[in-house]
Amino acid sequence: MSSSLIVGLVGGGTVGGGVYDIVEHTHKDFFRSLGAQVQVKRIAVRNLKKQRDFSVAAHTELVGDWRLVLDDPEINTVIEVMGGITEAKEVVFGAIAKGKHVITANKALLAAYLPEIVDLLKKHPQVKFGYEAAVCGGIPIIHTLQNDYLGDQVSQILGIMNGTTNFMLTKMESGADYGQVLAEAQALGYAEADPTADVEGHDVQAKIALLAKLAFGVHVPSDQIPTKGISSVASVDFEYARLLNATIKLLGMAQLSPDGKKLSVAVSPFIVPREHPIAGTNGSTNIVNISSRNLVSSSYIGPGAGRYPTANSIVSDLVRLARGLVGPPFPVDRAMPLEPDYTSRFYIRLRIRDQLGVIRVVGEIAERHGVSIYAILQNPISDPNDIHFVVTTEPARHSQVQAFADDIEKQDFTKGPPLFFAFLL
């Protein structure tokens, strides 16, 4: 099956320019081979006077108002790459309401308004909806979950879903401190001037919410996902990770409870064993690992962002649309209670002043909260008034470790809140 797609592109920046270049230049012959006419009729941009870094063909009109895209009766497909969730919502909702197919890269919009989008699509069943570029840039993880796991049973999905933080953690593993690598990431264009969405895990939060919906059929509101970023991670944590034959990665995780009746979703740094495929994924690269009944463990790796990786995923949706292969955006729908209090082994770093009886008190507090200590790690002491040491635990609930950390923080020998995160088991 092939069709004629007259496209309105909303957004002419880095990704929008990449999409236009692929569709109108690189991929033109491929679309013709499908017997499909694919043409970008209009590109809506905020500033018509801005110089573009891509050439615009004579049949394409630059316009300064996205409403001119939605109101054009010839345009049957809208690609939204403008970002944000205010005007972008008007574009996406408006296009669906007018019966136009929609392709978007906007994970924040999807995470914020997923139930409303699903309901609107049900009212307009002729509309096809693609969002491959919303998660992990150039990795085709959305199509994979939409199609290749429908006969399987996923038990866990986790991965590195933010290239900025993975770049930073990779640098920190070599001994650089957090402030230094953040400045470098900003200078290279990986991190924004306000890096909060990346370093505090909000970007991954939106992505794992989408993957949880695809893998398990459960809508998980972003504000119900326990989220911890990397701003408290220090180079000393990598020293201790090396002692554990492991490294540290910021991961999004969604997993079923052992009985399969509850779903835990979280964003946090994890202690990752060296033998795990995720441990060797460095720089700005992304990886998603899926555990399932039939395939056991599968990893999908590739560029998590960038002009052409992201644009390629958008064009992939466009190709599938031209071939008539776009199915339901969320094939599985089910209800399942969320369990934020997941169980794992934990890494807990304490910062203290040296004094008699510290280890005894730490052990007593752990016992009080039902936390069994597996090991205590301590580097040689250089400053008795500022010591970092690590407690690793046997499997415990997140809430037990949080209570332990809160109690430790109250002690007179403690110099700040303990940092803790889970081991990847």
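Residues numbered from 1 in each chain as written. Predicted model: local features only at pLDDT ≥ 70, side-chain atom pairs only at ≥ 80, totals over all residues. Heavy atoms only, no water.

Per an unreviewed UniProt entry, the chain goes by the name Homoserine dehydrogenase and belongs to Nannochloropsis salina CCMP1776. The chain has a UniProt comment under Sequence similarities (unreviewed entry) that states "Belongs to the homoserine dehydrogenase family." (UniProt positions renumbered as here; feature names shortened; annotations may be inferred.)

S.K.: Looking at this model, I keep getting lost on the UniProt feature "domain: ACT" (unreviewed entry) in the chain. Mind explaining?
M.R.: As annotated by UniProt and renumbered to match this structure, "domain: ACT" (unreviewed entry) occupies residues 347-415. Secondary structure content for residues 347-415 is 33% helix and 30% strand, while the C-alpha to C-alpha distance between its ends is 18 Å. (Helix = DSSP H or I, 4+ residues; strand = E, 2+ residues; numbered from the N terminus.)

S.K.: What is the right way to look at the packing of helix H4 (residues 87-97) against helix H5 (residues 107-123) in this model?
M.R.: Describing two packed helices takes the angle between their axes plus the distance from one axis to the other. Running from N to C, H4 and H5 point in directions that differ by 15°, and their axes come no closer than 11 Å. Put simply, H4 runs roughly parallel to H5. Every pair of crossing elements has a handedness; the one defined by H4 and H5 is right-handed. On H5, the residues touching Ala88, Lys89, Val92, Phe93 and Ile96 of H4 are Leu109, Tyr113, Glu116, Ile117, Leu120 and Leu121. When grouped by side-chain class, the residues that make up the contact of H4 with H5 number 9 nonpolar, no polar and 2 charged. (Axes fitted to C-alpha atoms, helices over the stretch in contact; angles between N-to-C directions. Parallel < 35°, antiparallel > 145°, perpendicular 65-115°, else oblique. Left-handed = near helix turned anticlockwise from the far one by under 90°. Contact = heavy atoms within 4.5 Å. Nonpolar A, V, L, I, M, F, W, Y, C, P; charged D, E, K, R; others polar.)

S.K.: What should I look at first to understand helix H12 (residues 307-322) in this one?
M.R.: Structural remark: α-helix, 3.6 residues per turn; residues separated by three or four positions point the same way. For H12, built from 16 residues, the straight-helix expectation of 22 Å at 1.5 Å per residue is met to within 8% by its first-to-last C-alpha distance of 22 Å. When you tally the buried positions in H12, you get 12 out of 16 residues, the bulk of the element. Buried within H12 we find Arg307, Thr310, Ala311, Ser313, Ile314, Val315, Asp317, Leu318, Val319, Arg320, Leu321 and Ala322. Among the residues trailing H12, glycine 324 stands out with phi positive, at a value near 75°. (Expected span 1.5 Å × (residues − 1). Buried < 20%, exposed > 50% of the residue type's maximum accessible area, 1.4 Å probe, protein only.)

S.K.: I tried to follow the side chain of histidine 124 on my own but got confused; where do I start?
M.R.: Mapped onto the elements of the fold, histidine 124 is located in the loop between H5 and strand S6 (129-130). On the basis of relative accessibility, which here comes to 18%, the residue histidine 124 falls in the buried class. Every residue in contact with histidine 124, bar those within four places of it in the chain, is listed here: Ile96 and Ala97.

S.K.: Sorry if this is basic, but what is going on with the side chain of aspartate 198 here?
M.R.: Structurally, aspartate 198 is set in helix H9 (residues 196-199). Not counting residues within four places of it along the chain, the set of residues in contact with aspartate 198 comprises Asn162, Thr164, Thr165, Tyr190, Ala191, Asp203 and Leu250.

S.K.: How should I be thinking about the environment of glutamate 90 in this particular structure?
M.R.: Mapped onto the secondary structure, glutamate 90 falls in helix H4. A sequence separation of 234 residues divides glutamate 90 from glycine 324, and the C-alpha atoms of the two residues are 26 Å apart. Setting aside residues no more than four positions away along its own chain, glutamate 90 makes contact with Trp66, Arg67 and Leu70.

S.K.: When you look at the packing of helix H7 (residues 163-173) against helix H11 (residues 235-243) in this model, what are you seeing that I'm missing?
M.R.: Between H7 and H11, the shortest axis-to-axis distance is 9 Å and the interhelical angle comes to 70°. Regarding the angle of H7 to H11, the classification is roughly perpendicular. Each of Leu169, Met172 and Glu173 in H7 lies in contact with H11, whose residues at this interface are Ser235, Phe238 and Arg242. Within the contact of H7 with H11, the residues separate by chemical class into 3 nonpolar, 1 polar and 2 charged.

S.K.: Which parts of the structure should I look at to understand the pairing of strand S13 (residues 346-352)?
M.R.: Within a regular strand, the side chains alternate between the two sheet faces. The element S13 is largely enclosed, with a buried count of 6 among its 7 residues. Where S13 lies against strand S17 (residues 419-422), 4 bridges are found, and the strand directions are antiparallel. When the sheet's bridge partners are listed, tyrosine 347 is paired in S17 with phenylalanine 421. (Pairing = 2+ DSSP bridges.)

S.K.: Sorry if this is basic, but what is going on with the domain arrangement of the chain here?
M.R.: How big an interface is tends to be stated in terms of the accessible area lost upon association of its parts. Looking at the chain, the domain boundaries give domain 1 (5-137), domain 2 (146-302) and domain 3 (343-422). Counting the contacts that link domain 2 with domain 3 gives 1 salt bridge. Arginine 349 is paired through a salt bridge with aspartate 237; the nearest N and O atoms lie 2.5 Å apart. Here domain 2 and domain 3 share 8 residue pairs in polar contact (both at pLDDT 80 or more) between them. Elements represented by at least two residues in the side of domain 2 that touches domain 3 include exactly H11 and strand S9 (263-273). No other element matches H11, which puts 5 residues into the side of domain 2 that touches domain 3. Residues belonging to the side of domain 2 that touches domain 3 are distributed by class as follows: 10 nonpolar, 2 polar and 3 charged. (Domains from an automatic or database assignment. Salt bridge = Lys/Arg side-chain N within 4 Å of Asp/Glu carboxyl O. Polar contact = N/O pair within 3.5 Å; in protein donor to acceptor, adjacent residues only side chain to side chain.)

S.K.: What exactly am I supposed to notice about unusual backbone geometry here?
M.R.: Trans peptide bonds make up the majority, and among non-glycine residues the majority have a negative phi. Its identity is not glycine, yet asparagine 245 carries a phi of approximately 55°, on the positive side. Looking at the secondary structure, you find asparagine 245 in the loop between H11 and strand S8 (246-256). Even without being glycine, valine 296 reaches a positive phi, approximately 65°. When you line up the elements, valine 296 lands in strand S11 (residues 296-303).

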